[in-house]
Structures are given as structure tokens and as C-alpha cells.
Amino acid sequence: MIHLARSEQVKHLVQRPGRTPWLARRFVGGTDADAALTTAQRLRDDMDISSSLFYLGEYVDAPYLVEHNVEEMISAVRLLGARGLDVNMSADPTAIGYMAGQDLCRRNAERVAEAISAQPARARNCLMLDMEDLSLVAPTLALHQHLLKQGLPVAVTLQSRLRRTEDDLACLLGQPTAVRLVKGAFPLGPEHDLQGRPAITASYLALAKAMLSSQARHAGSYPVFATHDEVLARQLIDLARANGWSPAQYEFEMLYGVRPDWQQSLRTEGFSVRVYLPFGLDWWPYAARRVGENPRNLLLLGRALLGPKYEHVNRAAAS
Ligand code: FDA
């Protein structure tokens, strides 16, 4: 699936202008900021679910593409602020200039964070730094510290599959910042990375225990548990309750289009729920990765690759 996600030929075939196949509609909030805002507003109004917008376009090195990404993010930030929604943006360092130079990436991160800071204050307004492959972990953590020191609203993602994460988390727990914990989407060898789902899930739970400690609460840390693993989420809820955390003091975050029924039922139970809401024209690599995470989603490839003739395949997959 990674191969298909990175194929320029497939991307060219499916990302035709004026066409938004089922697969894109399932996992992507819209092809531009206006459409994404409409989706975010609908999630807020219908289900009281928050969003973190993410402009599609990672791993770019051409300066004009980097600038385009940053401008799209800033215009989405202003639109979110104008609509009175949470101004929460997720960003990959490789989308905002890391591949063209760390200084450019830092300056662009500052621009987005400053734009967020200029919006009407809401508790969860922030630039959430996504965590990419291992080569980006130390630079992303350094970027997070740099923005934090400047008093800008920033948060960072950690991956439970990485052996180094326990130490990285220990450095963050005394700081008033949100930390988003994910299992991790970039498998490596055993030297750097825990092997197998049980070990990665056990590590997630151990890290979450630290995130839900009283030390973290007193420091003003805000835990974000990004997972679709229901068994794990129940353990997190029990842990939070036992350690005296109220549901407003932490949140669950899931990908747009993945387990929407469960997102809604968690919210109905009173938990804070956010959806990671990608938008933009470059939807294929992102959507293909989501398909790879669950074999049921493979049916959705029908129309994306073969056209409307295969609409029935998508109806079956969506049901
Ligand atoms: P797991 O993979 O064990 O799945 C649990 C259950 O959810 C299973 O039943 C599974 O089938 C179902 N499920 C999972 N994905 C699905 C899908 N696409 N469609 C349907 N069902 C699905 N990674 C990273 O390395 N850096 C990052 O910055 C981020 N950022 C991020 C933000 C948010 C909000 C989320 C939810 C995830 C990420 N990730 C990420 C991805 C993360 O590392 C991980 O790969 C996926 O979330 C899958 O892991 P789960 O914890 O959901 O559990």
C-alpha cells in the first residue's frame, strides 16, 4: 500500500481536477480551506466534535510548494478564527520547509503559530506538530521547544513504537503543553522500534500512565490520545479517572472518516473528541495510507481507481 500511496502514476490517475472520488470524500474534509471549514463546522454543530485541520502536502522541498502550503495553512487559521471554531492546525515539518532547510522550517512554523496566536483565544488553539520518520524526531522536538520558549501555542506528537519516546516524554511532562500520543506510522528495525502490536500497545499504555500522572497535571500538560483502539481507550479512561483527571482535561483524537460512530458515542459519553481533518488537492497519498490500515477499506479503492462504474463497490465498503 505504501508503494501505491507513493506512485505518481496512480496519483495522476485518481487526482483529476474537478473529481472527488468516494475515497477522498471518506477520508478528506475537502479540497480547499472553505470546504474543510464547512466540514469542521458540521462536526462541531452536529456532534460537538472539534477538529485539527491538516493541509495535504508533506515531503516537499521546492520553495514555491513550501510557501503554498504555509499560505494555505495561514488562510485556514484565519477562517477558523473568523468562524469562532478552535484554531487547531496539524503540520508536518516536511510540509513547511524542513527539506529545504531547518531555518526555513522554523520561520514558517513561527508564521503559522503567530497566525494562530492572533485569533480569538480558545483553550485548545495550537499548532500541533505531527511526528514523521525517525530522522525528523529530534528536529521536531527542537522546533517544539523553540516555539514554546517564544510563548507561541504549540504542541507535539510522540510515537509509542519508538524506544526513545520514554525519554522524550520525560522531558516534556514538566511543561505546559499538549502532547499527542500515537502508536506510530513509520516502522523501523528492532534497534529503534518496538516490534509487534502488543508491544507497541503496552508501550502506549505505559507512556499514557506518565501523561496522566499528577506531576503532568500540575505542570499544565494536556494529554491527547490519538487512537482508534477501543480497548486501549477504555484503559485510558479508567486510568484518567483513577488519577483524578476530568474528561475536560484530556482528549481523544481520531482521523476523519475512521470509526465515526465511535467518535460520536465517546462524545455522547462526555469525553472530549477531536478529528484530524485533512484538506487539499493532494489527497491520494494520505487516503491510500488510510486504506492500508484496514483491509475493509480496500473495497474503497474501486471507484478511486476505476471510476463511477464501480460505485456499488463503494456503497458496500461504506456500509
Ligand atoms: P490500531 O492500528 O491498533 O487500530 C485499532 C483499531 O482501529 C483496529 O480495529 C483498526 O482496524 C481500526 N483502524 C485503525 N486505522 C483505521 C483506518 N484507517 N480505517 C478503519 N479502521 C482503522 N502517526 C505518526 O507516526 N505520526 C503522527 O504524527 C500521527 N498523527 C496521527 C494523528 C491522529 C489524530 C491519529 C488518529 C493518528 C495519527 N498517526 C500518526 C497514525 C498512528 O500512528 C497509527 O498509525 C494509527 O492511528 C493506527 O493506530 P491505532 O492507535 O488507531 O490502532
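Structure: see above.
Quick caveat: nothing in here was measured; it's all calculated off a predicted structure.

**Digging into the site of the ligand**
And step 1. In the vicinity of the ligand, 24 residues are found, and the nearest of them are Met 131, Lys 183, Gly 184, Thr 227 and His 228.
And step 2. One nitrogen or oxygen atom from the side chain of Thr 227 is found 2.7 Å from an oxygen atom belonging to the ligand.
And step 3. Separating a nitrogen atom of the ligand from a backbone N or O atom of Arg 290 is a distance of 3.2 Å.
And step 4. Burial of the ligand by the surrounding chains reaches 86%, relative to a free accessible area of 930 Å².

**Regarding the environment of Ser 52**
And step 1. Topologically, Ser 52 is positioned in strand β1 (residues 50-55).
And step 2. Distance from Ser 52 to Pro 278, taken between C-alpha atoms, is 8.2 Å for residues 226 residues apart in sequence.
And step 3. Filtering out sequence-adjacent residues up to four positions away, Ser 52 remains in contact with Asn 88, Met 89, Ser 90, Arg 180, Glu 253, Arg 274, Val 275, Tyr 276 and Leu 277.
And step 4. Within the local environment of Ser 52, its side chain forms a polar contact with the side chain of Ser 90, the two groups lying 2.7 Å apart.

**Quick look at the pairing of strand β3 (residues 126-129)**
And step 1. Side chains of β3 alternate between two faces, with Cys 126 and Met 128 and Leu 127 and Leu 129 buried alike.
And step 2. Bridge count between strand β2 (residues 88-91) and β3: 4 bridges; the pairing is parallel. Among the inter-strand pairings, Ser 90 is bridged to a residue of β3, identified as Met 128.
And step 3. Read as a crossover between parallel neighbours, the route from β2 over helix α6 (residues 102-117) to β3 is right-handed.

**Some words on the environment of Ala 121**
And step 1. Along the polypeptide, Ala 121 turns up in the loop between α6 and β3.
And step 2. Taking relative accessible area as the criterion, Ala 121 reaches 79% and is therefore assigned exposed.
And step 3. In the structure, Ala 121 is positioned 35 residues away from Asp 86 in sequence and 8.8 Å away in space, judged by C-alpha atoms.

**Focus: the pattern of salt bridges**
And step 1. By the definition in use, this model includes 17 salt bridges.
And step 2. A salt bridge links Arg 241 to Asp 238; the shortest N-O distance between them is 4.0 Å. In this pair, Arg 241 and Asp 238 are both assigned in helix α11 (residues 230-242), 3 residues apart and thus about one turn of the helix distant.
And step 3. According to the relative accessible area criterion, Arg 241 is exposed, its value standing at 56%.
And step 4. In this structure, Arg 274 engages Glu 251 in a salt bridge whose closest nitrogen and oxygen atoms are separated by 2.7 Å. You can see Arg 274 sitting in strand β8 (residues 273-279) and its partner Glu 251 sitting in strand β7 (residues 251-255), a full 23 residues away along the chain. For the pair Arg 274 and Glu 251, a shared accessibility class is recorded, and that class is buried.
And step 5. Salt bridges here are not isolated pairs; linked through shared partners, they connect Asp 86, Arg 122, Glu 251 and Arg 274.

About the thresholds
- Residues numbered from 1 in each chain as written.
- Predicted model: local features only at pLDDT ≥ 70, side-chain atom pairs only at ≥ 80, totals over all residues.
- Heavy atoms only, no water.
- Near = heavy atom within 4 Å.
- Polar contact = N/O pair within 3.5 Å; in protein donor to acceptor, adjacent residues only side chain to side chain.
- Areas by Shrake-Rupley, 256 points an atom, 1.4 Å probe, with all protein chains shown as cover.
- Helix = DSSP H or I, 4+ residues; strand = E, 2+ residues; numbered from the N terminus.
- Contact = heavy atoms within 4.5 Å.
- Buried < 20%, exposed > 50% of the residue type's maximum accessible area, 1.4 Å probe, protein only.
- Pairing = 2+ DSSP bridges.
- Right-handed = clockwise from strand over helix to strand, strands pointing away.
- Salt bridge = Lys/Arg side-chain N within 4 Å of Asp/Glu carboxyl O.

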